Amino acid sequence: MPLQPTSLRNLHLLLRGTPRFVQNQFHTQWQIQSRSQSTASSVNPIEVSHFNALASSWWDPHGSSRLLHLMNPLRHDFIRSCHASQPTPPGSNLRFLDIGCGGGIFAESAARLPSTASVTAVDPSPEVLAVAKAHARRDPALQGKLTYLNTSIEGLPRPRGPDEQYDVLSLFEVIEHITHPADFLDACAQFVKPGGWIVMSTIARTWTSWLTTKVVAEDVVGIVPKGTHDWEKYINEEELRGYFLRERGWNSPRVMGVVYVPGLGWTRVKGSEKVGNYFFGIRKDE
Amino acid sequence: MKIPSTSLSTRQLGGYVCSGCTRQLRRQRRSYATSTVNPDLYDVVCVGGGPAGLSLLAALRSQPATANLKIALVESQRLDATRNFQLPPTQFSNRCSSLTPSSVRFLEQVGAWQHVDQKRVQSYEEMQVWDGVTGARIEFDWPAEKRGQTIAYMNENLNLTSGLLKRIDELGGVEVLDGQKVEDIALGSETEDFDLSSWPVVSLSGGRKLAARLLVGADGANSPVRAFAGIGSRGWDYERHGVVATLQMEGPGWGGESKIAYQRFLPTGPVAMLPLPGDYSTLVWSTTPALAAHLKTLSPKDFIAMVNAAFRLSPVDLAYMHTQSDGQADELAWRSQHTNFDQHRIPQQVIGVQEGSIASFPLKLRHADTYIGERVALVGDAAHTIHPLAGQGLNQGQGDVESLANTIQYAVTHGQDIGVRMSLEPYNAERYAANNMLLGVVDKLHKLYAVESGPIVPLRSIGLRAVNALGPVKQFFMDQAAGTGVKIL
Ligand SMILES: Cc1cc2nc3c(=O)[nH]c(=O)nc-3n(C[C@H](O)[C@H](O)[C@H](O)COP(=O)(O)OP(=O)(O)OC[C@H]3O[C@@H](n4cnc5c(N)ncnc54)[C@H](O)[C@@H]3O)c2cc1C
């Protein structure tokens, strides 16, 4: 499913309604980021300690991560739909890089798929990663296919060629914790194979605001003169995609909205990205 | 790599349990000399090779997504007799079940029905159900387009399990460990490489140990797997036995090609006569243990008379004949002269009973508290045992198996560990309430008709003049017979 016009309308409203807020937010973050560029990590330390506290209940099917467990199958459905949209869908032997893997819910599941060659999963929290590693020992089939690394993306060695790049880079329930998304996208790009995908989602209902306030606004706000009253003409779907994706070497954005319905579980609802949770995928130019 | 003799082809190892792990474990076996035999790892270990267990394995092996799972079947009986099941067309095994069209559709889908000897299967298109006390009948007003359609298929359980085994053999890849009893099930342990502390390890009488990612209990009403999982099972005994026998009739039935199933509700329980191919029928007579024992002592001639009487005489006459130690044939001949009945609404006369086919089984209702545990799933009679009056026990098991196979398929295609409770939840959610409702309705049917006198009988005969007014009950029979589900409320 391509970007829905509805979300763009939201974006439009948001930009028109709070342009100053959006700009200010980015300026501040940008400054912080540039000041600490040398030791820069995309990771916010407060977030890390928050996840440490969650670690023990990560794999409790009735614990606080239940919704994530229930959502996990949809991540695979979404990735499959991304792959199916390619002119020639990829076969097997896929390499995954899972950023912010947490207890490993997605990483384990991706490693179990027969079409997966390997999964590298990273998380900056040592406690959470210890939980992930201990849990993976329960499934002998994961051995050799799943590697956990206690690092952020910045700590990963740069791939030296397409062989070391990944077919799928996943960012599940991570983006809202990233301080500077546009740079982050650029950082991710080095790890993605030409023709590979970044897939992401959020459960925190902030996807719209992330896309609108961060990724797009950063770019668009930067190029659109302040105070212009011509937003309507300027921001249409085509141009948006054209700018913030094409300029950065990405194409084929896809969105899937899902809603949690008690008693039914996670269900895909067309147009629900307006109100609910999203999956978002973009493909790196070949 | 050398594949252990007990495990399967390399293709098999392409399942969840990677060849590396197998190698790893075998290496360990050498280095940790202190520990006892290390278990072999399997994705699915199914205990029980009855209709439920075999259907599950056929389903898993026939679906592409689950075909690479590493699977073992443990069955205490030798399966050769089942595999080579063969009888002349004039003989039938006494354990027969009616299969609903939806069970047959499922069996076709997994490619097993094609291996079931169709000459030994009998469909029926009509049902006659009536109350032995009041004579009231349930009139089945099948919608025009349903009339004449198959309500269910009578089939010997052995013809089914034999077909399933042939299908499993054809597909290959299931490690069949038959003639081996489960001696012990315990949780695995933690080693340097793996943590198998959540994996059930099944020890067999032959000495093998199998660690199961998912342990399936298809091991019947006294399920050792259920006991291992600590899953309680509630219910009661009906104080009834089901007497079964293979009967020869005076002809192929009143409908000719179109066959009829008969069931009469007697105060002691329902007696059912279900058509088999040709001039044969199978009997399921639910009655008190004492009367069941009495029936089994009779000569063939008197047994036949009792069966004919059960569909013709009043419960009072029948009760009297149960007090006779012999001579029922003469008694029936005499009493028949004084009883009117509509020939065409009752089965034809029984003229023979197959030698050695009279047997009886205690009837009970049991329902497990849940069908799933961590790395455990129960299917078929291990999960629930139902009164046979609606012919649903085996069909419920087929419904379980179809649901569990779908659940496993979903888990595999989404990278879930198929054993964990989270992955199994959809199976429990889909089947538990449905089975529970069916168990309850069938139980109430039994109780409704198992009262001989007192306030409920007149009620049964008028209001329920019966039973026609009992819309839900009738609907139940129609829906269940047609396998269209539990739409009974
Ligand atoms: C009189 C009567 C009439 C019936 N009529 C009908 C009917 O018309 N329609 C219908 O749908 N159903 C009917 N049923 C019910 C039907 O027969 C059962 O529901 C069905 O056989 C259950 O199948 P299952 O595979 O779950 O269990 P089972 O057939 O009981 O199979 C369990 C298997 O597990 C094996 N096993 C058990 N313990 C161990 C162990 N420790 N180690 C290894 N193996 C083990 C056993 O050897 C057995 O092969 C009837 C039942 C009765 C009693």
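Residues numbered from 1 in each chain as written. Chains lettered and ligands numbered in written order. Predicted model: local features only at pLDDT ≥ 70, side-chain atom pairs only at ≥ 80, totals over all residues. Heavy atoms only, no water.

Some remarks on helix α6 (residues 126-136) of chain A
Side chains of residues three or four places apart in an α-helix project in the same direction, reflecting 3.6 residues per turn.
Here is step 1 of the chain: For α6 of chain A, the full list of buried residues reads V128, L129, A132, H135 and A136 of chain A. For α6 of chain A, the arc enclosing every buried residue in end-on projection is 125°, short of the 170-degree limit, so these residues lie on one face. (Buried < 20%, exposed > 50% of the residue type's maximum accessible area, 1.4 Å probe, protein only. Helix = DSSP H or I, 4+ residues; strand = E, 2+ residues; numbered from the N terminus. Arc of directions from axis to C-beta.)

Regarding the UniProt feature "binding site: S-adenosyl-L-methionine" (unreviewed entry) in chain A
Residue and element names in this part refer to chain A.
Here is step 1 of the chain: Under the local residue numbering, the UniProt record ascribes the feature "binding site: S-adenosyl-L-methionine" (unreviewed entry) to R75, G100, D123 and F172.
Here is step 2 of the chain: Classification of G100 by relative accessible area gives partly exposed; the value is 26%.
Here is step 3 of the chain: Considering the arrangement of structural elements, one finds F172 in strand β4 (residues 166-172).
Here is step 4 of the chain: The exposure class of F172 is buried, given its relative accessible area of 6%.
Here is step 5 of the chain: When neighbours within four sequence positions are excluded, F172 is seen to be in contact with R75, I79, D98, I99, G100, F106, V199, M200, S201 and F279. (UniProt positions renumbered as here; feature names shortened; annotations may be inferred. Contact = heavy atoms within 4.5 Å.)

Observations concerning the interface of chain A and chain B
By a frequent convention, interface size equals the accessible area lost on bringing the separate parts together.
Here is step 1 of the chain: The interface is formed by 19 residues belonging to chain A together with 27 residues belonging to chain B.
Here is step 2 of the chain: Of all residues in chain A, R137, R138 and P140 of chain A bury the most surface against chain B, accounting for 35% of the area lost on that side.
Here is step 3 of the chain: For the pair chain A and chain B, the number of links is three salt bridges.
Here is step 4 of the chain: At the junction of chain A with chain B, the criterion picks out twelve residue pairs in polar contact (both at pLDDT 80 or more).
Here is step 5 of the chain: For the side of chain A that touches chain B, the secondary structure elements donating two or more residues are α4 (66-84) and α5 (105-112) of chain A.
Here is step 6 of the chain: Broken down by element, the residue count for the side of chain A that touches chain B peaks at seven residues, all from α4 of chain A.
Here is step 7 of the chain: The class makeup of the residues in the side of chain A that touches chain B is six nonpolar, five polar and eight charged. (Buried area = accessible area lost by both parts, 1.4 Å probe. Salt bridge = Lys/Arg side-chain N within 4 Å of Asp/Glu carboxyl O. Polar contact = N/O pair within 3.5 Å; in protein donor to acceptor, adjacent residues only side chain to side chain. Nonpolar A, V, L, I, M, F, W, Y, C, P; charged D, E, K, R; others polar.)

Focus: the sheet that holds strand β4 (residues 122-124) of chain B
Residue and element names in this part refer to chain B.
Here is step 1 of the chain: Spatially, β3-β7-β4 is the arrangement adopted by the three strands of the open sheet, whose pairing is antiparallel. The sheet is open, and its two edges are formed by β3 (96-99) and β4, each paired on a single side. Going across the sheet, the axis of each strand differs from the next one's by a mean of 25°, ignoring polarity.
Here is step 2 of the chain: For β3 and strand β7 (residues 152-156), the ladder comprises four bridges, and the chain directions are antiparallel. Bridge assignment links C96 to a residue of β7, and that residue is E156.
Here is step 3 of the chain: Set on the sheet, helix α4 (residues 101-109) makes contact with β3 and β7; between it and β3 the angle comes to about 90°.
Here is step 4 of the chain: Those strands touched by helix α5 (residues 157-171) are β3 and β7, and its axis lies near 85° from that of β7. (Pairing = 2+ DSSP bridges. Axes fitted to C-alpha atoms, helices over the stretch in contact; angles between N-to-C directions.)

So, the packing of helix α2 (residues 51-62) of chain B against α5 of chain B
All names here are of chain B.
Here is step 1 of the chain: Here α2 crosses α5 at 30°, and the two axes come no closer than 9 Å. If you check the angle between α2 and α5, you find them roughly parallel. Read as a crossing pair, α2 and α5 show a hand that is left-handed. Along the contact surface, α2 presents P51, L54, S55, L57, A58, R61 and S62, while α5 presents L160, T161, L164, L165, R167, I168 and L171.
Here is step 2 of the chain: The class makeup of the residues in the contact of α2 with α5 is nine nonpolar, three polar and two charged. (Parallel < 35°, antiparallel > 145°, perpendicular 65-115°, else oblique. Left-handed = near helix turned anticlockwise from the far one by under 90°.)

Some thoughts on the site of the ligand
Residue and element names in this part refer to chain B.
Here is step 1 of the chain: Close to the ligand lie 32 residues; A52, E75, R95, D381 and L394 are nearest.
Here is step 2 of the chain: Between the ligand and V182 there is a distance of 3.3 Å, counted from a nitrogen atom to a backbone nitrogen or oxygen.
Here is step 3 of the chain: The fraction of the free accessible surface of the ligand (1000 Å²) that becomes covered by protein chains is 84%.
Here is step 4 of the chain: Listing elements by their share of the shell around the ligand, those giving two or more residues are α2, β2 (71-75), β3 and α11 (393-413).
Here is step 5 of the chain: For the shell around the ligand, the class distribution of residues is twelve nonpolar, 15 polar and five charged. (Near = heavy atom within 4 Å. Areas by Shrake-Rupley, 256 points an atom, 1.4 Å probe, with all protein chains shown as cover.)

Remarks on the side chain of D178 of chain B
All names here are of chain B.
Here is step 1 of the chain: With respect to the helices and strands, the residue D178 is situated in strand β8 (residues 174-178).
Here is step 2 of the chain: In terms of polar contacts, D178 uses its side chain to reach the backbone amide nitrogen of L79, at 2.8 Å.
Here is step 3 of the chain: Leave out the neighbours within four places in its chain, and D178 touches E75, Q77, R78, L79 and D80.

So, the confidence of the model for chain A
Residue and element names in this part refer to chain A.
Here is step 1 of the chain: Of the residues in chain A, 56% reach a pLDDT of 70 or more, and the chain-wide mean stands at 70.
Here is step 2 of the chain: Here helix α2 (residues 19-35) stands out as the element of chain A with the lowest mean pLDDT, 27, in contrast to strand β3 (residues 146-149), whose mean of 98 is the highest.
Here is step 3 of the chain: For the stretch residues 1-40, pLDDT sits under 50, and the model shows 61 contacts to residues farther than four places along the chain or on other chains.
Here is step 4 of the chain: Overall, residues 217-240 carries pLDDT values under 50, and its contacts beyond four positions in sequence, including any with other chains, amount to 43 contacts. (pLDDT = per-residue confidence, 0-100.)

Describing the pattern of salt bridges
Residue and element names in this part refer to chain B.
Here is step 1 of the chain: Enumeration according to the criterion identifies 25 salt bridges over all chains in this entry.
Here is step 2 of the chain: Between D237 and R366 there is a salt bridge, with its nearest N and O atoms 2.9 Å apart. With D237 in strand β12 (residues 233-249) and R366 in strand β17 (residues 359-368), this residue pair connects regions lying 129 residues apart in the sequence.
Here is step 3 of the chain: The exposure class of D237 is partly exposed, given its relative accessible area of 43%.
Here is step 4 of the chain: We note a salt bridge from D417 to R375, for which the minimum N-O separation is 2.8 Å. Taken as a pair, D417 in the loop between α11 and α12 (421-449) and R375 in the loop between β18 (372-373) and β19 (376-378) lie far apart in primary sequence, 42 residues in all.

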